[in-house]
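Residue-level listing of the chains:
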Amino acid sequence: MMKKIAVLTTGGDAPGMNAAIRAVVRSAINSKLEVMGVFRGWWGLINEELKSFDHRSVSGIINQGGTILKTGRCPEFYTAEGQERAYQTIKKHSIDGIIVIGGNGSFKAAHEFYKKYKVPCIGIPASIDNDVNGIDMTIGADTAVNTALAAIDNIRDTATSMERIFVVEVMGRDFGYIALMVALGGGCEEVIIPEKKFDLEAISHNIVQGSLKGKMSWIIVVAEGAARADDVAKKITEITDLETRTVVLGHVQRGGRPTAISRDLALNLGKAAVDCLLKGDSDKAVAFHHGKIGTVDFETAIKKKELGIEDMYNLLKILT
Ligand code: F6P
């Protein structure tokens, strides 16, 4: 029987993680479970950095970006020794189930750990990249897109006024979701994403053709996983002989107050994760998919994501 659970955040932080922690802790307490907060992700299990949480432990955090539990990437958790130490911490504190808030890297680690030790584990998808397979939206992705979009809108003002070409680099390691959302919402002229081959000669040719017709400002959005803004800008200047400017939005996209969508997702998924553990589910993530809260097996969640990228890309091409 489930009596005590632990919650941790791992991988890159995402706005809304705190709201998810709050939902887990309060739903667990509401269901008469004890709950422990584990600090610094898997590190906290390996090094026994955890403490009991009560209702008040998660007060005043719903609107804060980042994670009060701290987070990080932990290669040690992939070693047999690291896993064994984590397991000993779980046994010592009589923890019956774990809730892992993170992205697909976190779920990969959780899946391996489950296969070996069979400690019930449920994931809550949180990543600005929205790169978890089998689900529509991760916690934090909507916030990151809105942050990047606000920056693009600002850049548009100066790009138009000074008739310049801007190359703006956004986050997104293997998945072009942020870049595409921002390019669509910001009315940008080009997007470069990891999923699509790109041709800087062709882009430069379009710019020259456009300028002959009087179009003097451009915003080209680049996902960091596809190319670096500086290299793209240099090449465009080389080919077109036109001046370019670059902006790398970087970690600005990771912080900030979670949007209503990120919070709502976090609260619903947090409660759903506790319910899953209570009914004996394991080795899966709670998920918002096709407009409903459900689950997706870790095995599926960690596969390469396919999510209407083609459709978004085609829409951009039509609307530009
Ligand atoms: O969490 C996802 C992400 O923000 C990616 O978009 C990015 O490539 C990576 O994390 C950056 O990682 P770090 O914060 O370790 O530099």
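Scope of this entry: the structure provided in the associated data block. In this text, all values refer to a predicted model and were calculated from it rather than measured experimentally. (Residues numbered from 1 in each chain as written. Predicted model: local features only at pLDDT ≥ 70, side-chain atom pairs only at ≥ 80, totals over all residues. Heavy atoms only, no water.)

1. Topic: the environment of T244
Within the secondary structure layout, T244 lies in strand β9 (residues 244-248). Remark: the alpha-carbon pair of T244 and A141, spanning 103 residues in sequence, is separated by 29 Å. Apart from the residues within four sequence positions on either side, T244 is in contact with I165, A233, I236 and T237. At 2.8 Å, the side chain of T244 forms a polar contact with the side chain of T237. (Helix = DSSP H or I, 4+ residues; strand = E, 2+ residues; numbered from the N terminus. Contact = heavy atoms within 4.5 Å. Polar contact = N/O pair within 3.5 Å; in protein donor to acceptor, adjacent residues only side chain to side chain.)

2. What to know about helix α11 (residues 309-319)
Buried residues of α11: I309, M312, Y313 and L316, and no others. On an axial view of α11, the arc spanned by its buried residues comes to 100 degrees, and they lie on one face. What points out from α11, more than 90 degrees from its buried face, is the exposed set D311 and I318. Among the structural elements, α6 (177-185) and β7 (190-192) are those in contact with the buried residues of α11. (Buried < 20%, exposed > 50% of the residue type's maximum accessible area, 1.4 Å probe, protein only. Arc of directions from axis to C-beta.)

3. Describing the nonpolar core
Judged by nonpolar contacts, the single largest core of 65 residues is most densely connected at I5, I99, I101, I124, I178, V191 and V221. A domain-level breakdown of this core finds at least three residues from each of domain 1 (4-140 + 258-301) and domain 2 (142-254). The residues touching V221, leaving out its near neighbours within four places in the chain, are I152, V168, V170, A179, V182, A183, C188, E190, V191 and I192. Counting 30 residues, the second largest nonpolar core, distinct from the first, contains V38, W42, L50 and I135. (Core = buried A, V, L, I, M, F, W, Y, C linked by side-chain atoms within 4.5 Å. Domains from an automatic or database assignment.)

4. Focus: the packing of helix α5 (residues 141-162) against α6
With their axes 9 Å apart at the nearest point, α5 and α6 run at an angle of 45 degrees to one another. On the basis of the axis angle, α5 is oblique to α6. By crossing handedness, the relation of α5 to α6 is classed as right-handed. From α5, A141, A144, V145, A148, L149 and I152 reach across to α6, where they touch Y177, I178, M181, V182 and G185. Residues belonging to the contact of α5 with α6 are distributed by class as follows: ten nonpolar, one polar and no charged. (Axes fitted to C-alpha atoms, helices over the stretch in contact; angles between N-to-C directions. Parallel < 35°, antiparallel > 145°, perpendicular 65-115°, else oblique. Left-handed = near helix turned anticlockwise from the far one by under 90°. Nonpolar A, V, L, I, M, F, W, Y, C, P; charged D, E, K, R; others polar.)

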